[in-house]
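Listed here are the chains, written in short residue letters.
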Amino acid sequence: MVDVVGLDELMKEHNFFDGFDKEALELMAGCARNESFRAGEYIFKSNSDATHFYIIRHGNVSVELPVPGRGRITLQTVGEHETLGWSWLVPPYRWWADAKAISLVRAISLDAVCLREKMEDDHELGYRLMQRFVPVLAERLHATTVQLLDLYGLPGRA
Amino acid sequence: MNVLAPNRTVGQDPMVPRSFVIERVRKELSDTYTMDLVPRDGLPFRFEPGQFNMLYVFGVGEVPISISGDSKVTAGISHTTRSVGKVSAALNALQPGDVVGVRGPYGAPWPVADVHGMDVVFVAGGVGLAPLRPAIYWVLAHRAEFGNVAIFYGARTPEDILFRREVQQWRGRFDMTVHVTVDRATGAWSGKVGVVTQLIKGGGFDRHNAVALVCGPEVMMRYAAEALGERGMPKQNIHVSMERNMKCAVGFCGHCQWGANFVCKDGPVFSYDRAEPLLSIWEL
């Protein structure tokens, strides 16, 4: 007999949802579904509508931008237990980069419109989700700043 | 730390170099070379992981360089040097058979001999892997005496991964984990892209029973120590290797003074509880 695990149970395993009670998890699970992406498959593309965000359960994702004359530049990779995507939170809700599965990726995707509605209806839930996302944003900003510093390069070296 | 280097006899002038012959030169990166040196006097050379030598390029000058080879090998020494100034560029232009002066070893080592039974986390950035390599050799040579061993390594690009073949070998071992990330992906790189501190988040060590040895640019070490602290590692278990303008290497000249410390003899390895207050003072 196969055990069927609910999405709220899967979500509970991810530290992003630490501290959410059963009721809140069930509420958010109503916006969630399990997805998988083959290696090389695009999860989303820049300038398209940011309709979801993702909790990566397995595999790695490359966040990249095509730069004319330089090919596709990988800005960062996102791996297991990390969250992918924040553009769904900020108007005009469009992705600013591409996300491509480097390997087989299994993820929980959360429908952005559904979740934004729930956050609007339940400000407590909205506040707590923002509490989770602001550190993710801050961490990405911090990492980008450090990368810009080019700490391992020599002064004057391009 | 004893100022008198262990290879010197009492009464020998610590400012007089021993002469070593360059036996082999390996190009590691576009601007980074490893030199294997053997002493002309045939006497053994002993050091502890984390210590450095003053290398003298005759007619050009002297520069402090961490030892990057295996401390179990006493017949010679290895140094990995990046060309960043006049002396290091001159050093990297030398060929096998050329002679350099060596004073040392100097400085406080990585505390690998004092942390038996603990998990060991190496965090390296760029050419900061070179001063850590003797400690990695030491831990792997005494592997059964430690818990989990993890290396978190950040490089500028895939082409800038130092000791690439060894890193791959370490990664293939079943008794340690190696995570590599680059700031900028190039070519067919399919590994991680991002800063080394993000690797630390993945853990793989017991925060209450682990020691971290961190080496790289100062800003990177500070962020790495903060990330380790966020994972619950006590500051006194985090060790960083500092770099300052070392001249005499024996605590006389004061060039490398860092607060109340001389980096050459009180360091270069400091526990983070000692280093943190000073790292936040940019003028030091």
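Whatever comes next refers back to the structure up there.
Residues numbered from 1 in each chain as written. Chains lettered and ligands numbered in written order. Predicted model: local features only at pLDDT ≥ 70, side-chain atom pairs only at ≥ 80, totals over all residues. Heavy atoms only, no water.

Participant: If you had to explain the sheet that holds strand β4 (residues 61-67) of chain A to someone new, which residues and values would you point to?
Facilitator: Residues and elements named next belong to chain A. Within the open sheet, the four strands sit side by side as β2-β7-β4-β5. Their pairing is antiparallel. The open sheet has two edge strands with one neighbour each: β2 (42-44) and β5 (71-78). Each strand of the sheet is rotated relative to its neighbour by a mean of 35°, with strand direction disregarded. Taken together, the two bridges between β2 and strand β7 (residues 98-101) define a ladder with antiparallel strand orientation. Across the sheet, the residue bridging to tyrosine 42 is lysine 100, located in β7. (Pairing = 2+ DSSP bridges. Helix = DSSP H or I, 4+ residues; strand = E, 2+ residues; numbered from the N terminus. Axes fitted to C-alpha atoms, helices over the stretch in contact; angles between N-to-C directions.)

Participant: A description of the interface of chain A and chain B should follow, citing residues and the corresponding values.
Facilitator: Each partner contributes residues to the interface: chain A has 20 residues there, and chain B has 26 residues. Each partner contributes to the roughly 2000 Å² buried at the junction of chain A and chain B, and carbon and sulfur atoms together form 51% of this total. Connecting chain A to chain B are six residue pairs in polar contact (both at pLDDT 80 or more). Contributions of two or more residues to the side of chain A that touches chain B are made by β5 and α4 (123-149) of chain A. Here the side of chain A that touches chain B gets six residues from one element, more than from any other, and that element is α4(A). (Contact = heavy atoms within 4.5 Å. Buried area = accessible area lost by both parts, 1.4 Å probe. Polar contact = N/O pair within 3.5 Å; in protein donor to acceptor, adjacent residues only side chain to side chain.)

Participant: I'd like a description of unusual backbone geometry, backed by residues and values.
Facilitator: It is generally the case that most residues other than glycine have a negative phi and that most peptide bonds are trans. Note the cis peptide between Pro91(A) and Pro92(A), where omega equals 10°. The residue Pro92(A) is located in the loop between β6 (83-84) and β7 in this model. Here Gly267(B) and Pro268(B) are connected by a cis peptide whose omega angle stands at 5°. For Pro268(B), the position within the fold is in the loop between α6 (263-266) and β15 (269-271). Notably, His81(A) is not glycine yet its phi reads approximately 70°, a positive angle. Within the element layout of this structure, His81(A) appears in the loop between β5 and β6. Located in the positive-phi region is Asp150(A), a residue other than glycine, with phi close to 50°.

Participant: Summarise the state of the cysteines; cite the residues concerned and give the values.
Facilitator: Summed over the entire model, instances satisfying the criterion amount to one disulfide over all chains. Disulfide pairing is shown between Cys31(A) and Cys114(A); the S-S distance is 2.0 Å. Residues Cys31(A) and Cys114(A) are joined by a disulfide whose S-S torsion is about -70°; by sign, that bridge is left-handed. Highlighted residues: Cys31(A) in the loop between α2 (22-29) and β1 (32-37) and Cys114(A) in helix α3 (residues 112-121), separated in sequence by 83 residues. A relative accessible area of 7% places Cys31(A) in the buried class. Left without a disulfide partner, Cys253(B) is nearest to the cysteine sulfur of Cys248(B), which lies 3.7 Å away. By relative accessible area, which is 36% here, Cys253(B) ends up partly exposed. (Disulfide = S-S within 2.5 Å. Buried < 20%, exposed > 50% of the residue type's maximum accessible area, 1.4 Å probe, protein only.)

Just geometry here; none of it tells us what the structure is for.
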